Amino acid sequence: MAPRDQSCGDGGEVDPEGGIEAPLLSSGSSFFQDPAHEDGDGDEEARRRRRRFLLAGRSQSNTTSQVALVGVGVCPIESLDYELIENEVFKQDWRARGRGHILRYVALKWALCFLVGVLSAAAGFVANLGVENVAGAKFVVTSNLMLAGRYGTAFAVFLVSNFALTMLATVLTVYVAPAAAGSGIPEVKAYLNGVDAPDIFSLKTLVVKIVGCIAAVSSSLHVGKAGPLVHTGACIASILGQGGSSKYHLTCKWLRYFKNDRDRRDLVTCGAGAGIAAAFRAPVGGVLFALEAVSSWWRSALLWRAFFTTAMVAVVLRALIDFCKSDKCGLFGKGGLIMFDVTSDYITYHLVDLPPVITLGVLGGVLGSLHNFFLDKLTFRKGQKYKLLLAAVVTICTSCCLFGLPWIASCKPCPSDTEEACPSIGRSGATYGRLVGMLIGSQSTLDHGLFAVLGSAALLGGSMRMTVSVCVVILELTNNLLMLPLVMLVLLISKTVADAFNANIYDLLVKLKGFPYLEGHVEPYMRQLSVSDVVTGPLQAFNGIEKVGHIVHVLRTTGHNGFPVVDEPPFSDSPVLFGLVLRAHLLVLLRKKDFIPNCSASALDASKQFLPHDFAKPGSGKHDRIEEIEFSAEELEMFVDLHPFTNTSPYTVVETMSLAKAHVLFREVGLRHLLVLPKSSKRAPVVGILTRHDFMPEHILGLHPFLFKTRWKKVRFGKSAFTNLVF
C-alpha cells in the first residue's frame, strides 16, 4: 500500500518510493523515538522512515468495474453501510436514549411495515384494475368487430392498440425512468446484497413502474406483473424508510430512526415479499419468496415483520376485491382476468401417475435452463432508438401471432352447462404442461388442467430455481393441499436438472447487469489464497488530527469511501490503528467547517457541535460530493480532529487469513470495509482494506491467472447445487 506521509503537518503528495516494502524495524530504531529529541535533519529522516514503514503492499489498483447496467442505462454503484458506526457521536446518542426512544423505534418499525403492506396492496390492486379495464376494453371492441364479420378492422384495432400501449411503456421507461426497465428483481436482489445504485427506488421509478406495468400487460405482451410488483413493493418500502425529507420539510425527530442502511434493508425485504403477496394473493408465499430468492441476510425478527406486512396485503386486497364485486370498479373489476381467482376440484392420483409427473419435471428443468441459456447469450445493450425499434418489432410480431394463430385451429362449441361466457382470452392454462398431458395423458389418471399447473411449476423451478416459495404460492392459488406432493416432486426434479446446466435467471441477470454480487458460497480457488494475495493499493490513510487541505485533496482524487485513521507520536507511543472514518462523515465535517487552527487535540465536545442526524444516511442512490463544498486558502491550512467521528471498532482480519474465510465474514456480517492488519507488530498498523470488489472472480483471477486451471468442475457446471454442497 502507498499512503501519503503520515506526519501531522505534511500535506504533500504520495512519496515516489511508495512501492518499497516496509522494512522490519527493531524497537530501538529511531522510528520509535520521540521526534522532539531529534534535530532538524533527524526530523526529516524520521519522517522518511515512517513513510517507508507505512508504504507496504501492492501498488496495483483494483480495476473491477464500478458501474452497472440499471434498467436501460449504465450507472455508478456504491456499497451499503450495514455495519454500525460506533464513534463518539453514535455512543453519546445511544446513551441519551431512554425507554421512550426505544418504544418509538419499535412502534415505527411495525407502523412502516403496516404502511408498506397497505400501499403495496393498493399498488397491486391499481395495476390489476388498470389492466382489466384497458385490456378488457380492447378485447370487447375487437370481439364485437369479429362477431360483425369485420376481421380486417378488428385486426387493425388489435394491432394499433397493442402498439400504442407498448410504445407508451417503452417511452416512459427509456426517457423518464430508465431504472424502471425490466422486472426489477435483479436490482432488488443486488440491493439486499449490499449494492446501491441511483434511482432504483425513487418516486419517479415507482410511478413509471406502475403505469408501464399496466400498459405492457394490457398490450398482450407475454409479460407478467409479479416482477414489477416486487420492485414496486421495494420502492414503496424504500421511500417510506427514507427517514423524512428536508426538501419537503418532513424532518420530525422520530423519522430519523430509519436513516440507516440496516433498517432500510429490512424494510425493503418486507416490501419485496409484499409485492409477491399483492401479485398472487399469497402472503406466506411472499415471505418465502423474500427469504429464498432475494434476501442475503435473514433473522427471526425480520420473519415476523415480513409476515405481518404480507398479511396486511392479503387483508387489504380482499377488502378491495369485495368492494369491486358491487360493480364499482369499471369494466371488469372482479379479479377474474389476472387476479388469479383460482379454484380446484378434488383430485386423486396413484403410483401410475408418477412417471408422467417425473417426465414433466425433467422436461421443465431442461426447458428452464435452455431459457436461461438463451437469455444469457442473446441479451445485449444498445441505444435508446434501438430499444424503441425493438419494442415496436416485438409488439407487432406478438399481435400478428395472437390474432393469426387461432385461425389455424378449428373452433369448438362451448359446453352446454357453462354458467358464464365461453372462456377464451386470459383463461388458458400452462401450454407446456397441458401439451405434455395431452401427449402422455393416456398413461395417467390426472386431469389436463392439473398437468397445466404442474407444467407451470416445472418451468418456474427450471428457470428461477425456487422451490419452497413457488410451491406455497401454487397451493395458495389453488387452495388444494392434495397437490402438495406432486408440486414438490416436480419442483425438486426440475431444479436439480436445471442446476446441472447453468445458474438461475436472477443470478444470470445480476451478472449481466454487472452488479458486484457476493455469492452465498465460496469459490474453491479462494481456499488457496490468503487475504494479502488480493489486497491492492494505493491505500489512503489519515492521521487522527489531519490537515483540511489533504483531506480535500484525497477526496477529490480518489473514490474511496472508507479511510483508516492512524495515530502517530506524539499522540501515541507508536503508530496505531485508531479506526475507520467514512467519506460521508468527512464530507459532513468539511461542510460544517468546524476546524481547529493547529495540529493539537480539540477540546470541543463533538456531541454538542454535531447532532446524530447530521451523519444520517441520505436516501438510496443519493450521495454528497466534495466538489459542492468551497474552501478558502486559510481553511485549507487548518486542521480537523477525526477522533470523535471515527469508528473505533471496525472489523479486521489478519493478512494471513484465507480469502475464503474472509469472504464468509464479509458477506455474513454485511460489511462494506474490512481492514487487513499485518501479522508482525513491527510493520504498518494497517496494510489494506478489502471491499466487495476484492472478492469478485474477475479481480482475483486477474491477479492470479494460474487459478483458471484449478477451478475444477465449477467451469463446467457453473454455480450448481452440486458444487454448493461440496464447497
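In this report, the structure presented in the accompanying data block is examined. (Residues numbered from 1 in each chain as written. Predicted model: local features only at pLDDT ≥ 70, side-chain atom pairs only at ≥ 80, totals over all residues. Heavy atoms only, no water.)

### Some words on the overall build of the chain
When you go through the chain residue by residue, the secondary structure sums to 25 helices and 12 strands. Restricting to contacts in the chain with at least 6 residues of sequence separation, those with at least 24 account for 79%. Summed over all atoms, the accessible surface of the chain reaches about 33,700 Å², with 62% contributed by carbon and sulfur. (Helix = DSSP H or I, 4+ residues; strand = E, 2+ residues; numbered from the N terminus. Contact = heavy atoms within 4.5 Å. Areas by Shrake-Rupley, 256 points an atom, 1.4 Å probe, with all protein chains shown as cover.)

### Description of the pattern of salt bridges
Counted under the stated rule, the structure contains 16 salt bridges. For Asp266, the salt bridge goes to Arg299, with nearest N and O atoms at 2.5 Å. With Asp266 in helix 8 (residues 261-280) and Arg299 in the loop between helix 9 (283-294) and helix 10 (300-324), this pair connects stretches of sequence that are 33 residues apart. Judged by its relative accessible area of 3%, Asp266 is buried. Residue Asp266 is joined to Arg305 by a salt bridge in which the shortest nitrogen-to-oxygen separation is 3.4 Å. Pair noted here: Asp266 is in helix 8 and Arg305 is in helix 10, with a separation of 39 residues, a long-range link. Take Asp266 and Arg305: they sit in the same class, and that class is buried. Taken together, the salt bridges that share partners define one network made up of Arg265, Asp266, Arg299 and Arg305. (Salt bridge = Lys/Arg side-chain N within 4 Å of Asp/Glu carboxyl O. Buried < 20%, exposed > 50% of the residue type's maximum accessible area, 1.4 Å probe, protein only.)

### Considering the packing of helix 5 (residues 185-193) against helix 8
Put simply, helix 5 and helix 8 touch, their axes get as near as 10 Å, and they point 150° apart. If you check the angle between helix 5 and helix 8, you find them roughly antiparallel. Pair helix 5 / helix 8 crosses with left-handed handedness. Of helix 8, the residues touching helix 5 (which contributes Val188, Tyr191 and Leu192) are Arg264, Arg265, Val268, Thr269 and Ala272. Its residues assigned to classes, the contact of helix 5 with helix 8 comprises 5 nonpolar, 1 polar and 2 charged. (Axes fitted to C-alpha atoms, helices over the stretch in contact; angles between N-to-C directions. Parallel < 35°, antiparallel > 145°, perpendicular 65-115°, else oblique. Left-handed = near helix turned anticlockwise from the far one by under 90°. Nonpolar A, V, L, I, M, F, W, Y, C, P; charged D, E, K, R; others polar.)

### Thoughts on the nonpolar core
Counting 95 residues, the largest nonpolar core has Phe201, Phe289, Val294, Leu454, Val487 and Phe515 as its most contacted members. Ranked by residues supplied to this core, first place goes to helix 3 (residues 99-147) with 13 residues. Here Val487 is in contact with Leu454, Ala457, Cys471 and Ile474, once residues within four sequence places are set aside. (Core = buried A, V, L, I, M, F, W, Y, C linked by side-chain atoms within 4.5 Å.)

### A closer look at the packing of aromatic side chains
Inspection of every chain in the model, using the stated rule, returns 8 aromatic pairs. Taking 6.2 Å as the distance between ring centres and 40° as the angle between the ring planes, the aromatic pair formed by Phe158 and Phe403 counts as tilted. Here Phe403 lies in helix 12 (residues 384-404) and Phe158 lies in helix 4 (residues 151-176), a separation of 245 residues in the sequence. Note on Phe158: relative accessible area 6%, which makes it buried. Note on Phe403: relative accessible area 13%, which makes it buried. When the ring of Tyr191 is compared with that of Phe201, the centres are 5.0 Å apart and the planes differ by 80°; the resulting orientation is edge-to-face. Of this pair, Tyr191 sits in helix 5 while Phe201 sits in the loop between strand 4 (195-196) and helix 6 (203-218), and the two are 10 residues apart along the sequence. Neither residue differs from the other here; Tyr191 and Phe201 are each classed as buried. Above the ring of Tyr82, the side-chain terminus of Arg265 is found at 4.4 Å from the ring centroid. (Phe/Tyr/Trp six-rings, centres within 6.5 Å; stacked < 30°, edge-to-face > 60°. Lys NZ or Arg CZ within 6 Å of the ring centre and 35° of its normal.)

### A word on the pairing of strand 11 (residues 674-677)
Each regular strand shows side chains that alternate between the opposite faces of the sheet. With 3 bridges connecting them, strand 10 (residues 652-654) and strand 11 associate as parallel partners. Residue pairing in the sheet places Thr652 in a bridge with Leu675 of strand 11. Remark: the strand 10/helix 22 (residues 659-669)/strand 11 crossover connection has right-handed handedness. Of the pairings in the sheet, the one linking strand 11 to strand 12 (residues 688-690) comprises 3 bridges and is antiparallel in character. Bridge pairing in strand 12 links Leu675 to Ile689. (Pairing = 2+ DSSP bridges. Right-handed = clockwise from strand over helix to strand, strands pointing away.)

### What about unusual backbone geometry?
Positioned with a positive phi, Asp199 is a non-glycine residue whose angle comes to about 70°. Position of Asp199 relative to the elements: it lies in the loop between strand 4 and helix 6. For Asp199, a relative accessible area of 40% translates into the label partly exposed. Residue Ser220 is not a glycine yet carries a positive backbone phi of 70°. If you trace the backbone, Ser220 turns up in the loop between helix 6 and helix 7 (226-240). Given the relative accessible area of 11%, Ser220 is considered buried.

### Examining the sheet that holds strand 7 (residues 562-567)
Pairing within the open sheet is mixed, and its 3 strands lie in the order 5-7-8. On the outer flanks of this sheet lie strand 5 (542-543) and strand 8 (576-582), each paired with one strand and no other. Relative to strand 8, strand 7 runs antiparallel, the two sharing 6 bridges. Bridge pairing in strand 8 links Pro564 to Leu580.

### Brief notes about the environment of Val664
Position of Val664 among the secondary structure elements: in helix 22. Exposure remark for Val664: the relative accessible area of 40% places this residue in the partly exposed category. Sequence-wise, Val664 and Gly520 are 144 residues apart; in three dimensions their C-alpha atoms are separated by 8.0 Å.

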